[in-house]
Amino acid sequence: MGLMDFRPLVQVTINGVPLSGFVFSQLSSVRVSDTAGFISDTAEITFANSSPLSRFAMPEPGAEVAIALGYLGEFLQMGLYIADEVEESSPPRMITAVCRAKAQGQTQSGFAPISQQKSRSWPAGMTLKAIATTIAGDNGLEPAVTEAAGSIVPGHIDQLDESDLSVLTRIAVLHDLIAKPAGGVLYVGRRAEGVKASGQPTATVVLQEADVTRWSMRRGLSEATGTIIATYRDLEQAEDVEVKVGDAEPVRRLRQRFRSEEEARAVATAESRRAGRAKETLEVELPGNPSIAAEGRLIPIGFSAAASGVWVVKTATHEVSEGGYRTMAQCERPE
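Below, the structure is looked at part by part. (Residues numbered from 1 in each chain as written. Predicted model: local features only at pLDDT ≥ 70, side-chain atom pairs only at ≥ 80, totals over all residues. Heavy atoms only, no water.)

Tallying secondary structure elements over the chain gives six helices and 23 strands in all. The 335 residues of the chain split such that 46% are buried. Only carbon and sulfur atoms are counted for the fraction: they give 51% of the accessible area of the chain, which is about 16500 Å². (Helix = DSSP H or I, 4+ residues; strand = E, 2+ residues; numbered from the N terminus. Buried < 20%, exposed > 50% of the residue type's maximum accessible area, 1.4 Å probe, protein only. Areas by Shrake-Rupley, 256 points an atom, 1.4 Å probe, with all protein chains shown as cover.)

This next bit is on the pairing of strand S17 (residues 227-234). Among the eight residues in S17, six count as buried, and that is most of the element. Two elements, S17 and strand S19 (residues 251-258), share five bridges in a ladder whose sense is parallel. Bridging across to S19, Thr 231 finds its partner in Arg 257. In terms of strand pairing, S17 meets strand S18 (residues 239-245) through seven bridges, oriented antiparallel. When the sheet's bridge partners are listed, Tyr 232 is paired in S18 with Val 241. Adjacent in sequence and paired antiparallel, S17 and S18 are bridged by four residues, among which Ala 238 carries a positive phi angle near 55°. (Pairing = 2+ DSSP bridges.)

For the α-helix, the turn length of 3.6 residues means that residues three or four positions removed from each other point alike. Taken as a whole, helix H3 (residues 128-138) has its buried residues at Leu 128, Ile 131, Ala 132, Ile 135 and Ala 136. Buried positions in H3, seen along its axis, are confined to an arc of 130° and lie on one side of it. (Arc of directions from axis to C-beta.)

Before going further, it helps to spend a moment on the sheet that holds S17. Here we have three strands laid out as an open sheet, ordered S18-S17-S19, and mixed in their pairing. At either margin of the open sheet sits one strand with a lone partner, and together these are S18 and S19. For this sheet the average axis-to-axis angle between neighbouring strands, irrespective of direction, equals 25°. (Axes fitted to C-alpha atoms, helices over the stretch in contact; angles between N-to-C directions.)

Examined against the element boundaries, Val 212 turns out to sit in the loop between strand S15 (204-208) and strand S16 (214-219). As for Val 212 and Thr 327, which are separated by 115 residues in sequence, their C-alpha atoms are 9.6 Å apart. Contacts of Val 212, omitting those with residues within four sequence positions, involve Leu 207, Glu 285, Leu 286 and Phe 303. (Contact = heavy atoms within 4.5 Å.)

Residues Val 12 and Ile 67 are the most contacted members of the largest nonpolar core, which totals 24 residues. When residues of this core are traced back to their parent elements, those giving at least two are strand S1 (10-14), strand S3 (27-35), strand S4 (42-48), strand S5 (64-71), strand S6 (74-89) and strand S7 (94-101). Not counting the four nearest positions on each side in its chain, Val 12 is found in contact with Val 17, Pro 18, Leu 19, Leu 27, Val 30, Ile 45, Val 65 and Ala 66. Residues Ala 136, Ala 149, Ile 171 and Leu 186 belong to the second largest nonpolar core, which totals 20 residues. (Core = buried A, V, L, I, M, F, W, Y, C linked by side-chain atoms within 4.5 Å.)

Here we come to the side chain of Arg 333. Among the secondary structure elements, Arg 333 is positioned in the segment after strand S23 (324-332). Only 2.7 Å separates the side chain of Arg 333 from the side chain of Glu 280, close enough to count as a polar contact. One polar contact links the side chain of Arg 333 to the main-chain carbonyl oxygen of Val 310, over a distance of 3.1 Å. (Polar contact = N/O pair within 3.5 Å; in protein donor to acceptor, adjacent residues only side chain to side chain.)

Okay, empty space enclosed by the protein next. Inspection of the entire model under this criterion finds two cavities of 30 Å³ or more. Taken as a whole, the second largest cavity holds about 30 Å³ of empty space. For the second largest cavity, the full set of lining residues is Ile 14, Ile 45, Phe 47, Pro 59, Val 65, Ala 83, Ala 97 and Cys 99. Contributions of two or more residues to the lining of the second largest cavity are made by S4 and S7. Among the residues making up the lining of the second largest cavity, the classes are represented as eight nonpolar, no polar and no charged. (1 Å grid on protein atoms, 1.4 Å probe; cavity = no way out; pocket = protein on both sides within 12 Å on 5 of 7 lines; lining within 4 Å. Points joined across faces, edges and corners; volume = space filled by probe spheres on them. Nonpolar A, V, L, I, M, F, W, Y, C, P; charged D, E, K, R; others polar.)

Tracing the chain through its elements places Val 17 in strand S2 (residues 17-18). With a relative accessible area of 52%, Val 17 lands in the exposed category. For Val 17 and Val 65, which are 48 residues apart along the polypeptide, the C-alpha to C-alpha distance reads 9.3 Å.

Okay, here's the thing in structure tokens:
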């Protein structure tokens, strides 16, 4: 595939300036990884900066990068990223920029405030929607809190030398939620709720076997969840107390010591659910499809009886190069 075929598949903008003309023709590859959960979405862009006629300045760390993927003028925005690390090498002369979803890394104005440590208290009656909205406002983000998650009341929380992102992650783990800043939006919601980190609904994509380059479905032992044991410190009795979730083999003990029975039970329950989700996995590779995103749903048709039904995308990787555009997705069953 030549560069003229490659160019319509991707649009890249750096600090508001679209790559075009000679510069665009030097774009070698773009790889976007969209991950469910707490892991930062990433993008990697490689330029072949070889022609003396079209050399361009190395993007600075902190540069804001927007990426859209698609075909024939129909583009989907993949998100807004901050260049975290930029490397120039030769021969051949190349520039690689590794980027993280906006609000997750270093920006030109300094470290993202959502990652800076601070101290404050959150009163017992506040809903998670109110907490997340306050944190989003403090950090220049738009809040996107789903209804089910927003109605949760976490109780009194002391934030002592802890970042806003750490506090939100702590609450999310206790209630089996996702809390993730991406593309200028702070998303808080349940796993597989059909909403992506930007707060927009995720697509349900139906795939025929003929649509994919390859697929594989893996099934593990169904009793893998077993028993989860979490320990908390009873301050009045000055002793450690165990909380058990499940009553089967294998028995797995969480190393962390929790601060209350409620917290220990919530984390053990969340871990049991997570282990249960890992029993079946589906991996697919197909010609590029920008609609496939983390937290979206895939419905395979005609693959096999075992692979049929609904799957939730855990990680979607989009890769565009001179070889074309391909998408890889790792999926798991919804709860």
